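Descriptive analysis of the structure
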Amino acid sequence: MQESLDAIGEALTENGKVIVTGCLGVKRNLIKNIHPSVLAITGPHDTPAVMKAVHAHLPKPHDPYTDLIGVKLTPPHYAYLKISEGCNHRCTFCIIPSMRGDLVSRPIGEVMQEAENLVKAGVKELLVISQDTSAYGVDIRYRTGFVHGKPTKTRMTDLCKSLGELGAWVRLHYVYPYPHVDEVIPLMAEGKILPYLDVPFQHASPRILKLMKRPANAEKVLERLGEWRKGCPDITVRSTFIVGFPGETEAEFEELLSFLKQAQLDRVGCFEYSPVEGAAANELPGALPEDVKRHRKEKFMETQAAISARKLKAKVGKTLKVLVDEAGVGRSSADAPEIDGVVRFKGGKAGEFRNVHIDRADAHDLHGRLQ
Ligand code: SF4
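In this text, all values refer to a predicted model and were calculated from it rather than measured experimentally. (Residues numbered from 1 in each chain as written. Predicted model: local features only at pLDDT ≥ 70, side-chain atom pairs only at ≥ 80, totals over all residues. Heavy atoms only, no water.)

So, on to the confidence of the model for the protein chain. Detailed conclusions should not be drawn from predicted coordinates in areas where pLDDT is low. For the protein chain, per-residue confidence averages 87 on the pLDDT scale, and 81% of positions sit at 70 or higher. With pLDDT under 50 throughout, residues 58-72 is counted as low confidence; its partners more than four residues away or in other chains account for 30 contacts. (pLDDT = per-residue confidence, 0-100. Contact = heavy atoms within 4.5 Å.)

Written as structure tokens, this is what we have:
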């Protein structure tokens, strides 16, 4: 117990904001006496209380598209693997760089050690996250580290290769569409990592992308999507977009809808632009009324709903490998936890891989039978 109390003291000195959870949480008075500045204390397995405390003391950021600042509490069979902190981009709608600073990549040896420990502890799926996964290592010039004594570069492709050897599912999130992203497609095709890419495109109009300070070439994106699908036909591409950015004209919004129809993305999230205190985009002229933003979001989601539904329907009759999250609910390679749909069936146990024959699809989920 002394060790845990010391750890709380250390965390308070280092960070200042500490929430205590787990077995020691039942000794509330003891902790409060020794460490009165602890923000909250909860008992073991009390996720709702932890989340309540986290949100009370660390307000959620403006929108899920930047929602990386937070605490991820996960069931034992999947885990988030954070590979870096901060970001070198300066997207005008985002304040993460001003809060978190420039990109700082964790050394590859350290990331791989954590990944291995997680897999040894029973984790079946690793969700690679950061603010910009494809930039991994750029801050340390892709420094060579060691993974089991083997020289390995601190670089996304090398990381994916190493993670692909662990025997767990590996899912990539927040991949900025740099050219070298193409290098991981063969790893997906070989089944080393999941054929899933979460790439936030944000918009398709070159002018709006420029105002957002995002890479601006929708044509190239379409071309690359085509190449990715050629290299790995099973790939699932998820993306997020912002509608109602300051100055977005009706024509530019239509351009976005047309991109959406051509891109045929599997999963899409859409956010109405909302000014965040301190974001450069707030200074841009042409802020749109709330009802215009809402209407555009509805139209955007309507357009995508038809595409997603068609994509899901194409899976009826197939047998998919799923990771069971709880009895009756699992996820295939196409479904990231919390943000995508699920596969529903009767039976199964949390944490096991099962094959499910898909009988039908609804707007978001698939339904089938365990094989
Ligand atoms: S890539 Fe852009 S949106 Fe993402 S964290 Fe960096 S600045 Fe923010």
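Turning our eyes to something else, we now look at the site of the ligand. Close to the ligand lie Cys-87, His-89, Cys-91, Phe-93, Cys-94, Pro-97, Gln-131 and Arg-214. Each residue belonging to the shell around the ligand can be placed in one class, and the counts come to five nonpolar, two polar and one charged. (Near = heavy atom within 4 Å. Nonpolar A, V, L, I, M, F, W, Y, C, P; charged D, E, K, R; others polar.)

Turning next to the nonpolar core. By size, the foremost hydrophobic cluster in this structure holds 49 residues, and its most contacted members are Leu-172, Leu-197 and Phe-300. If you tally residues by element for this core, the top one is helix α10 (residues 250-263), at six residues. Residues contacting Phe-300, with those up to four places away along its chain left out, are Phe-241, Val-243, Phe-253, Leu-256, Leu-257, Leu-260, Val-268 and Cys-270. Core analysis: the next-biggest nonpolar cluster, separate from the first, contains 11 residues, Cys-94, Ile-208, Leu-209 and Ala-281 among them. (Core = buried A, V, L, I, M, F, W, Y, C linked by side-chain atoms within 4.5 Å. Buried < 20%, exposed > 50% of the residue type's maximum accessible area, 1.4 Å probe, protein only. Helix = DSSP H or I, 4+ residues; strand = E, 2+ residues; numbered from the N terminus.)

We now examine α10. The end-to-end C-alpha distance of α10, which contains 14 residues, comes to 20 Å, matching closely the 20 Å that a straight helix rising 1.5 Å per residue would cover. For α10, the full list of buried residues reads Glu-252, Phe-253, Leu-256, Leu-257, Phe-259, Leu-260 and Ala-263. Viewed along the axis of α10, the buried residues span an arc of 155 degrees, placing them on a single side of the element. The secondary structure elements touched by the buried residues of α10 are α8 (206-212), α9 (218-231), β11 (236-243), β12 (267-272) and α11 (290-313). Positive backbone phi, at 50 degrees, marks Gln-264, one or two positions downstream of α10. (Expected span 1.5 Å × (residues − 1). Arc of directions from axis to C-beta.)

Looking now at the packing of helix α5 (residues 108-120) against helix α6 (residues 156-163). How two helices pack is summed up by the angle between their axes together with the distance between the axes. Remark: α5 packs on α6, axes separated minimally by 11 Å, with the N-to-C direction vectors making an angle of 30 degrees. As judged from the angle between their axes, α5 and α6 are roughly parallel. In the crossing of α5 with α6, the sense of the turn from one axis to the other is right-handed. Of the residues in α6, those in contact with Ile-108, Val-111, Met-112 and Ala-115 of α5 are Asp-158, Leu-159, Ser-162 and Leu-163. Looking at side-chain class alone, the contact of α5 with α6 contains six nonpolar, one polar and one charged residues. (Axes fitted to C-alpha atoms, helices over the stretch in contact; angles between N-to-C directions. Parallel < 35°, antiparallel > 145°, perpendicular 65-115°, else oblique. Left-handed = near helix turned anticlockwise from the far one by under 90°.)

Before going further, it helps to examine the sheet that holds strand β15 (residues 343-344). The five strands are arranged β13-β14-β15-β17-β16 in a closed barrel whose pairing can be described as mixed. Judged from the two bridges that link them, β15 and strand β17 (residues 366-370) form a sheet pairing that is parallel. Each residue of the ladder has a partner; that of Val-343, found in β17, is Leu-366. (Pairing = 2+ DSSP bridges.)

Here the focus is the side chain of Ser-105. Following the sequence through the fold, Ser-105 ends up in strand β5 (residues 104-105). Within the structure, the side chain of Ser-105 is placed 2.8 Å from the backbone nitrogen of Gly-137, a separation counted as a polar contact. In contact with Ser-105, not counting residues within four places along its chain, are Ile-83, Ser-84, Tyr-136, Gly-137, Val-138, Asp-139, Ile-140 and Thr-154. (Polar contact = N/O pair within 3.5 Å; in protein donor to acceptor, adjacent residues only side chain to side chain.)

With respect to the helices and strands, the residue Glu-298 is situated in helix α11. Note on Glu-298: relative accessible area 47%, which makes it partly exposed. Spatially, the C-alpha atoms of Glu-298 and Glu-272 are 9.8 Å apart, while their sequence positions differ by 26 residues.

Here the focus is the packing of aromatic side chains. Under the definition given, this model contains eight aromatic pairs. Where Phe-241 meets Phe-300, the ring centres are 5.4 Å apart and the plane angle is 50 degrees; that geometry is what we call tilted. Residue Phe-241 is found in strand β11, and its partner Phe-300 is found in helix α11; the two are separated by 59 residues along the sequence. Exposure remark for Phe-300: the relative accessible area of 0% places this residue in the buried category. The interplanar angle of 75 degrees and the centroid separation of 5.2 Å between the aromatic rings of Phe-245 and Tyr-273 together place this pair among those described as edge-to-face. (Phe/Tyr/Trp six-rings, centres within 6.5 Å; stacked < 30°, edge-to-face > 60°.)

As a general feature of sheets, a regular strand has side chains that alternate between the two faces. With eight of its eight residues buried, β11 lies for the most part within the structure. A two-sided burial pattern is seen for β11, the buried positions comprising Thr-236, Arg-238, Thr-240 and Ile-242 on one face and Val-237, Ser-239, Phe-241 and Val-243 on the other. Relative to β11, strand β10 (residues 196-198) runs parallel, the two being bridged by three bridges. Within β11, the residue paired with Asp-198 across the bridge is Arg-238. Pairing of β11 with β12, which is carried by six bridges, proceeds in the parallel orientation. When the bridges of β12 are listed, Thr-240 appears paired with Gly-269.

Let us now look at α6. The buried count for α6 comes to seven of eight residues, which makes it a mostly enclosed element. Here α6 has its buried residues at Met-156, Thr-157, Asp-158, Leu-159, Cys-160, Ser-162 and Leu-163. Buried residues along α6 sit in contact with β3 (78-82), α5, β6 (125-129), β8 (150-153), β9 (169-172) and α7 (185-189).

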